[in-house]
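Chain by chain, the residues run as shown.
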Amino acid sequence: MNGRMTLLPLLLFIAAQDKFPDVPAFYVRQAEQTLGRMTVDEKLTYIGGEDSMFIRAIPRLGLPRIKMSDGPVGVRTWGSAPAYPAGTCLASTFDPELVQQFGFSIARDARARGVNIWLAPGVNLARITQNGRNFEYEGEDPYLTARNAVTIIKAVQWQEVSTTVKHFAANDHENDRNSDSSEVDERTLREIYLRPFEAAIREGMSGAAMCGYNKVNGIYCSENEWLLRKVLRQDWGYEGVMMSDWGAAHSTLNDFQNGLDLEMPDAAFMTPAKLKPLLASGQITEAQLDEKVRRILQLIYRFHWTERPQEDPSIPRDNPASDKVALQIAREGTVLLKNDGVLPLDKTRVHKIVVLGPGNRVINGGGSSTTHPFHSVSIDEGIKQIGGDGVQVAYYPVIGKINEAFEFKGYENGLKAEYFAGKKLEGAPLQTRQETGIDYEWGGNPPGPGVPGIDFSTRWTGSFRAPADGIFVFAARSDDGIRIWIDGNKVLDSWIDRGAVTDTFRLTLKKGQLYGLKVEFYQGGGDAVAKFGMLPVEQLLNQSLPTAELKAADAVVVSVGFDEVSESEGMDRPYSLPTEQVLLIQNAIKLNPRTIVVNHSGAAIDTKGWLDHTPAFIQAWYPGQSGNQALAEILFGDVNPSGKLVTTFPVDIKGTYYESAYPPKAGKIVYREGLFMGYRWFDKNRVTPRFAFGSGLSYTTFKLSGLKLSTLSNGVEATTTITNTGSRAGTEVIQLYAGYDKSRVARAARELKGYRRVELAPGESKTVSIPLEQHALDYWDTPTQKWVTERGNVTVWLGTSSRDLALHKTYTVR
């Protein structure tokens, strides 16, 4: 990582101390002195936030107002800020030093805005492909996520900005997140889903943690005594602040007694008015209240927030140093998944490039992590910049606006609309009327006279004639549930509480034929959105494609996937790309065999129907403000791709655990696959994925040779030689997987337990060593409530993905 500022040696020193470098007794004593001067009323008001993003000031005690900001891909709450690539892109670098630089940059961005507490990192795992927040996190592997979390936390907190590890715990989907229960056994929780949190707490010493919206085994995270008091406080010894996610608290007594310290964004349940009677009756005590306030005060003194202004005006808000880090993350985290010789593009031969599709300027996923940068680069701009004057670039968005489907009004005599009280379309309609279409955003307002603004349902019935022959895309957008029948056949069933989500499906219609339609919708709380319509997508595509330019182009880049509207907090996304995007890819390939597909998503997508015919495929994740410059550098070979997948891409979702793991049923999402999540499931069931965890192509080739295992006091060390056998300089990620040959308990065949990123010139060889600590292979024994080291033979594999493992050796744990 030549030319980078690095804190790694210092942070390794801090890690070796296993504590923040201040003297703990100093800030503990300060907190105790201040706590002794606080009135009961001050304490009661202190455990609820104010103005959405603050802990209130108490001037008479010298306590400043504590400012927070959303993350995890930027300091996004207080105006424009550097927008970094998504967490999945950062994790795909497998580069600890760059991860550290990300943490360093985030802290500087926070200090430039006077932010004390950064609401990140997010360490939930990509259990399913559809989770709307997968992009914020670090992929499907707990070891990789844990290592990155610790590095980020130490880098951020070294500069006296507190992190907030989130969302504790098993908050692995978004639809119905406020009511669903994650049903998961303790061993699976301990070994998979809690591992990153444990590392963040015990090694990283994150100043704060945030509970999830969901329930775990039937109890909300905010009041889950087992999670907050048993695991977090008792087992891990955590003394930091446990805050609620925004609006994730659900009760007064349970939240207070079972471990919540700070209710955000303000006090709705842990209010003075609700807590004082509990104090008076003895149901809660002032000593319990002191525990919560003490933790907040210790956080303040630990990071010296009373001693100086948090805002550092010497740091520019639009920081060129941050932009460099964002660019480097995109360079290293972009993953080349397929290349049939099209890439890299030769600037001396490629003079005309056409860019198609809706993803030309996508940089972010959506929700509370969406960061609006001061400047950004689109794909066509990046290609122009890197290609130079000799390359002409034309951009065509084509048919990326599925919302136009909702303008459809071609129903025979309109639609009969019936509005009912309640969610079940029962009883006599409150109102019946004819409507010309279904295109409503009522918010919380009543949809008509006599109909409530919440807790109602609607049925539309009618028919339509197809205006043309061909493939039509049908789109339905709803908040909450919607289901659709065409000619008596149910074609869509999304009958669940959720935020506004657009579902699509496609049908082939015959011009002039009459089709029956029934649409049912219910509103379960919050805003109400109901939209439905169709587009003759095949016809529109044929009309809008620049056919002649595509045929004449030296290369075509098709940008597809999702964006901050379609992949976002608060909703889950489809596994499949939108139909119009699949058709766009297929048509582009037919017109030009030098087509490169670039995808934006936080996890796997369905590649059936187009990947086999696609010459080149790049997973760009959400690349941040400068990510499309990095993409152009990779396209032209100025940068040799080195990113590695951190989520598994299945060939087909059917038959995998993904299919049965989602959606929730009856308010429960059951983790039936247990420990065998992600690549572990594919290995256990001997199913070949489309693209394996840890995979990613390069423009050069590498060879591993000569594996040697050496005994360490706490495990073993694997040593190998890696050689660049190609003609270009490049970087490879050596991955170490380990697993017991036989075990008394169910185990994955192998799991990631180490990695090294290695840069090599053509023909160069390097010797690389990767340690494997024995405790990383321990299993959780629920009956004894202990981690257990098992005797037996352990095989160590070294390779370049979870499925490309060239070397292996076995040692014995005695």
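Analysis parameters
Residues numbered from 1 in each chain as written. Predicted model: local features only at pLDDT ≥ 70, side-chain atom pairs only at ≥ 80, totals over all residues. Heavy atoms only, no water. Helix = DSSP H or I, 4+ residues; strand = E, 2+ residues; numbered from the N terminus. Rg over C-alpha atoms; globule rule 2.2 N^0.38 Å. Buried < 20%, exposed > 50% of the residue type's maximum accessible area, 1.4 Å probe, protein only. Contact = heavy atoms within 4.5 Å. Areas by Shrake-Rupley, 256 points an atom, 1.4 Å probe, with all protein chains shown as cover. Lys, Arg positive; Asp, Glu negative; His and termini not counted. Charge placed at Lys NZ, Arg CZ, Asp CG, Glu CD. Polar contact = N/O pair within 3.5 Å; in protein donor to acceptor, adjacent residues only side chain to side chain. Core = buried A, V, L, I, M, F, W, Y, C linked by side-chain atoms within 4.5 Å. Phe/Tyr/Trp six-rings, centres within 6.5 Å; stacked < 30°, edge-to-face > 60°. Salt bridge = Lys/Arg side-chain N within 4 Å of Asp/Glu carboxyl O. Axes fitted to C-alpha atoms, helices over the stretch in contact; angles between N-to-C directions. Parallel < 35°, antiparallel > 145°, perpendicular 65-115°, else oblique. Nonpolar A, V, L, I, M, F, W, Y, C, P; charged D, E, K, R; others polar. 1 Å grid on protein atoms, 1.4 Å probe; cavity = no way out; pocket = protein on both sides within 12 Å on 5 of 7 lines; lining within 4 Å. Points joined across faces, edges and corners; volume = space filled by probe spheres on them. Pairing = 2+ DSSP bridges. Left-handed = near helix turned anticlockwise from the far one by under 90°. Expected span 1.5 Å × (residues − 1).

Trainee: I keep staring at the overall build of the chain and nothing clicks. Help me out?
Mentor: Helix and strand counts for the chain stand at 20 helices and 35 strands. In terms of overall dimensions, the chain is globule-like: its C-alpha atoms have a radius of gyration of 27 Å, near the 28 Å expected for 814 residues. Within the chain, buried positions represent 62% of all 814 residues. The contacts in the chain between residues at least 6 apart in sequence include a share of 77% that link residues at least 24 apart. Summed over its atoms, the accessible surface of the chain is roughly 29200 Å², and 50% of this surface lies on carbon and sulfur atoms. A gap of 3 Å separates the mean positions of the 90 positive and 95 negative side-chain charges of the chain.

Trainee: I'm lost on the side chain of N224 in this one. Help?
Mentor: Secondary-structure assignment places N224 in the loop between β8 (219–220) and α9 (225–235). Taking relative accessible area as the criterion, N224 reaches 4% and is therefore assigned buried. Within the local environment of N224, its side chain forms a polar contact with the backbone oxygen of I219, the two atoms lying 3.3 Å apart. Those residues in contact with N224 that lie beyond four places of it in its chain are V216, I219, R229 and N258.

Trainee: Is there a simple way to think about the nonpolar core in this case?
Mentor: Side chains that are nonpolar tend, in soluble globular proteins, to be buried together. Y46, M68, F168, M243 and L356 are the most contacted members of the largest nonpolar core, which totals 152 residues. Among the elements that take part in this core, helix α12 (residues 286–302) stands out by supplying seven residues, more than any other. Excluding residues within four positions of it along the chain, M243 makes contact with M68, I117, L119, T164, A208, A209, M210, C211, L260, L262 and M264. Membership of the second largest hydrophobic core comes to 30 residues, among which are A468, Y515, A528 and A530.

Trainee: Honestly, unusual backbone geometry in this entry has me stumped. Any pointers?
Mentor: Residues apart from glycine generally show negative phi values, whereas peptide bonds are mostly found in trans. A cis geometry characterises the amide bond from A120 onward to P121, with omega recorded as 10 degrees. Looking at the secondary structure, you find P121 in the loop between β3 (117–119) and α6 (142–157). Looking along the chain, the bond that leaves L343 and enters P344 is cis, with omega of -5 degrees. At W621, a residue that is not glycine, the phi angle is positive and equals roughly 55 degrees. By secondary structure assignment, the location of W621 is in the loop between β25 (616–619) and α18 (627–635).

Trainee: I'm lost on the packing of aromatic side chains in this one. Help?
Mentor: What describes a pair of aromatic rings is the distance from one ring centre to the other and the angle between the planes of the rings. Applying the stated criterion to the full structure yields 33 aromatic pairs. Seen in terms of ring centroids, F303 and W305 are 5.5 Å apart; in terms of plane orientation they differ by 25 degrees. Their pairing is stacked. Comparing F303 with W305, the two get one shared label, buried. In textbook terms, an aromatic cluster arises when at least three aromatic residues are bridged by ring pairs, as seen for F408, Y411, F464, F474, F505, Y515 and F532.

Trainee: Just checking my understanding: could you explain the pattern of salt bridges for this structure?
Mentor: Any two side chains of opposite charge can pair, given that their charged atoms come close. Under the counting rule described, the total for this entry stands at 51 salt bridges. Between R187 and E191 there is a salt bridge; the shortest N-O distance is 2.6 Å. With R187 and E191 both in helix α7 (residues 186–193) and four residues apart, this pair spans about one turn of that helix. With respect to class, R187 is no different from E191; both count as buried. E732 is the partner of K644 in a salt bridge, and the nearest nitrogen-oxygen pair spans 2.8 Å. Linking K644 in the loop between α18 and α19 (657–661) with E732 in strand β29 (residues 730–740), this pair joins segments that are 88 residues apart in sequence.

Trainee: Sorry, what's going on with the packing of α7 against helix α8 (residues 195–202) here?
Mentor: The description of two helices packed together rests on the angle between their axes and the distance between the axes. Contact geometry for α7 and α8: axes closest at 5 Å, N-to-C directions at 55 degrees. It follows from the interaxial angle that α7 and α8 lie oblique. Facing L189, R190, E191, I192 and Y193 of α7, the residues of α8 in contact are R195, P196 and F197. Partitioning the contact of α7 with α8 into residue classes produces five nonpolar, no polar and three charged.

Trainee: Mind showing me how you'd approach the layout of surface pockets here?
Mentor: In this approach, a probe sized like a water molecule rolls over the atoms, and the result shows the empty space that is left. Quantified by volume, the second largest pocket comes out at close to 1200 Å³. Lining the second largest pocket we find 34 residues, and of these Q130, T504, P574, Y575 and S576 sit closest to its centre. When residues of the lining of the second largest pocket are assigned to their parent elements, the largest contribution, five residues, is made by strand β20 (residues 501–509). In terms of residue class, the lining of the second largest pocket is made up of 15 nonpolar, eight polar and eleven charged.

Trainee: How should I be thinking about the pairing of β29 in this particular structure?
Mentor: Regular strands place their side chains on alternate faces of the sheet. Among the eleven residues of β29, eleven are classified as buried, and the element is accordingly described as predominantly covered. A two-sided burial pattern is seen for β29, the buried positions comprising G730, E732, I734, L736, A738 and Y740 on one face and T731, V733, Q735, Y737 and G739 on the other. Relative to strand β30 (residues 751–760), β29 is paired through nine bridges, and the arrangement is antiparallel. Bridge pairing in β30 links G730 to L760. Note that β29 and strand β34 (residues 792–799) share six bridges and pair antiparallel. Each bridged residue has a counterpart across the sheet, and for Y740 the counterpart in β34 is V794.

Trainee: Help me out: how do you make sense of the environment of R814 in this one?
Mentor: With respect to the helices and strands, the residue R814 is situated in the segment after β35 (807–813). R814 sits 582 residues away from L232 along the chain, and the two C-alpha atoms are 31 Å apart.

Trainee: Would you explain the sheet that holds strand β27 (residues 702–712) in this entry?
Mentor: Where strands meet in a sheet, backbone hydrogen bonds hold them as pairs that are either parallel or antiparallel. Within the open sheet, the three strands sit side by side as β27-β28-β31. Their pairing is antiparallel. The open sheet has two edge strands, β27 and β31 (765–773), and neither has a second partner. Each neighbouring strand pair of the sheet contributes to a mean axis angle of 20 degrees, computed without reference to strand direction. Note: β27 against strand β28 (residues 715–724), nine bridges, orientation antiparallel. Within the sheet, the bridge partner assigned to L704 lies in β28 and is I722.

Trainee: Help me out: how do you make sense of the packing of helix α5 (residues 96–112) against helix α13 (residues 320–333) in this one?
Mentor: It is at 10 Å that the axes of α5 and α13 come closest, and there the two elements cross at 150 degrees. Here α5 lies roughly antiparallel to α13, going by the angle between them. As α5 runs across α13, the sense of the crossing is left-handed. Here α5 contributes L98, Q101, F102, S105 and D109 to the contact with α13, which in turn contributes A321, S322, V325, Q328, I329 and E332. Class assignment of the residues belonging to the contact of α5 with α13 gives a composition of five nonpolar, four polar and two charged.

Trainee: Is there a simple way to think about α5 in this case?
Mentor: Residues that lie three or four places apart on an α-helix share one face, since the helix turns once every 3.6 residues. With 17 residues, α5 should reach 24 Å at 1.5 Å per residue; the first-to-last C-alpha distance of 24 Å fits that figure. Within α5, 15 of the 17 residues are buried, leaving the element largely enclosed by the surrounding structure. You can read the cap of α5 off the contacts: a side-chain oxygen lies 3.1 Å from the backbone nitrogen of E97, and it is on D95. Where α5 terminates, the next one or two residues include G114, which has phi positive at roughly 70 degrees.

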